[in-house]
Amino acid sequence: MGKMNHVGTLQLETDRLILRRYTKDDASAMYKNWASDDEVTKFLTWPTHESPEVTRQIIDEWVKSYSNENYYHWAIVLKENGDEPVGDIAVVHIKEKAAVAHIGYCTGRKWWNQGITSEALAAVIDFLFDVVDVNRIEARHDAKNPNSGKVMKKCGMKYEGTLRSSDWNNEGICDACYYALLKAER
């Protein structure tokens, strides 16, 4: 197994999207487009933001983290929408020795069911396999949120099983459905 080739959060582009680093100017869009929406955060592990100030503080932390080469966190920007982020995708956990990256994502409700999250995830998968040299990419979702699993399936990830009462989110303790893709399966 080779070592992972950490390069930090590089800008990625797809047909409709630009995935880029956050800047402090993104706070109001992030707050408005998804962080303040209970429907979006329902199955997430972080609480709905009470105010734009909370969003600003969190983005400040993220921006500082970009100095780490093993930090991968993108704002999802829909080109036709200007430079305003409509969602978020990140590597939330890395297992260095096994070359595993665990991905999490969310998109503002206005942009659900348009293939935007799948397009972003596909770009991140390509980047992690081709550039960072990850061997396994995994993601999980609450069993009560099957739409998130559809995104994983659409990107070629395979369902591996459900770990019962193994996770928690804003709804409480939950079952976690795991999906993964290995580099050799692409």
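Structure's up top.
Now for a description of the structure that goes with this document.

Criteria and cut-off values
- Residues numbered from 1 in each chain as written.
- Predicted model: local features only at pLDDT ≥ 70, side-chain atom pairs only at ≥ 80, totals over all residues.
- Heavy atoms only, no water.
- Axes fitted to C-alpha atoms, helices over the stretch in contact; angles between N-to-C directions.
- Helix = DSSP H or I, 4+ residues; strand = E, 2+ residues; numbered from the N terminus.
- Parallel < 35°, antiparallel > 145°, perpendicular 65-115°, else oblique.
- Left-handed = near helix turned anticlockwise from the far one by under 90°.
- Contact = heavy atoms within 4.5 Å.
- Nonpolar A, V, L, I, M, F, W, Y, C, P; charged D, E, K, R; others polar.
- Phe/Tyr/Trp six-rings, centres within 6.5 Å; stacked < 30°, edge-to-face > 60°.
- Buried < 20%, exposed > 50% of the residue type's maximum accessible area, 1.4 Å probe, protein only.
- Pairing = 2+ DSSP bridges.
- Expected span 1.5 Å × (residues − 1).
- Arc of directions from axis to C-beta.
- Disulfide = S-S within 2.5 Å.
- Polar contact = N/O pair within 3.5 Å; in protein donor to acceptor, adjacent residues only side chain to side chain.

### Considerations on the packing of helix α1 (residues 27-35) against helix α3 (residues 52-65)
Argument step 1. Where α1 contacts α3, the axes come no closer than 9 Å and their chain directions differ by 115°. The orientation of α1 with respect to α3, classified from their angle, is roughly perpendicular. Note on packing geometry: the crossing formed by α1 with α3 is right-handed. Counted together, A27, M30, Y31 and A35 of α1 and P52, T55, R56, I59 and W62 of α3 form the full contact between these two elements.
Argument step 2. Here the contact of α1 with α3 is built from residues that sort into seven nonpolar, one polar and one charged.

### Comments concerning the packing of aromatic side chains
Argument step 1. Going through the model one piece at a time under the given rule, you end up with six aromatic pairs.
Argument step 2. Both rings, one in Y66 and one in Y71, keep their centres 5.5 Å apart while their planes meet at 70°; by these two values the pair is edge-to-face.
Argument step 3. When the centroid spacing of 5.9 Å and the interplanar angle of 65° are considered together, the rings of Y72 and F127 count as edge-to-face. With a gap of 55 residues between them, Y72 in the loop between α3 and β3 (73-78) and F127 in helix α4 (residues 116-130) connect regions that are remote in the sequence.
Argument step 4. Since its relative accessible area comes to 4%, F127 is described here as buried.

### A closer look at the sheet that holds strand β1 (residues 12-13)
Argument step 1. A sheet is described by the order of its strands in space; here eight strands give the open sequence β1-β2-β3-β4-β5-β6-β8-β7, paired in mixed fashion. In this open sheet, the two strands that pair with only one neighbour each are β1 and β7 (158-169).
Argument step 2. Bridge analysis of β7 against strand β8 (residues 172-182) gives eight bridges, and the strand direction is antiparallel. Paired with D167 across the two strands is C174, which belongs to β8.
Argument step 3. Here α4 sits on the sheet and contacts β1, β2 (17-20), β3, β4 (85-95), β5 (100-107), β6 (136-142) and β8; the angle it forms with β5, its principal contact strand, is near 160°.

### Considering α3
Argument step 1. A rise of 1.5 Å per residue sets the reference length of α3, with its 14 residues, at 20 Å; its end C-alpha atoms lie 20 Å apart and thus fit the reference within 8%.
Argument step 2. Taken together, the buried positions of α3 are T55, I59, W62 and S65. Buried residues of α3 fall within an arc of 110° about the axis and therefore sit on the same side.

### A few points about the state of the cysteines
Argument step 1. Counted according to the given criterion, the structure contains zero disulfides.
Argument step 2. Of the cysteine sulfurs around C155, a residue in no disulfide, the closest is that of C106, at 16 Å.
Argument step 3. C155 sits in the buried class, given a relative accessible area of 14%.
Argument step 4. Lacking any disulfide linkage, C177 is separated from the closest cysteine sulfur, that of C174, by 8.8 Å.

### Digging into the side chain of N169
Argument step 1. As for its position among the elements, N169 is in strand β7.
Argument step 2. Of the polar contacts made by the side chain of N169, one reaches the backbone nitrogen of E171; its length is 2.8 Å.
Argument step 3. Once you skip the residues sitting within four places of it in the chain, N169 turns out to touch K42, F43, L44, T45, D142 and C174.

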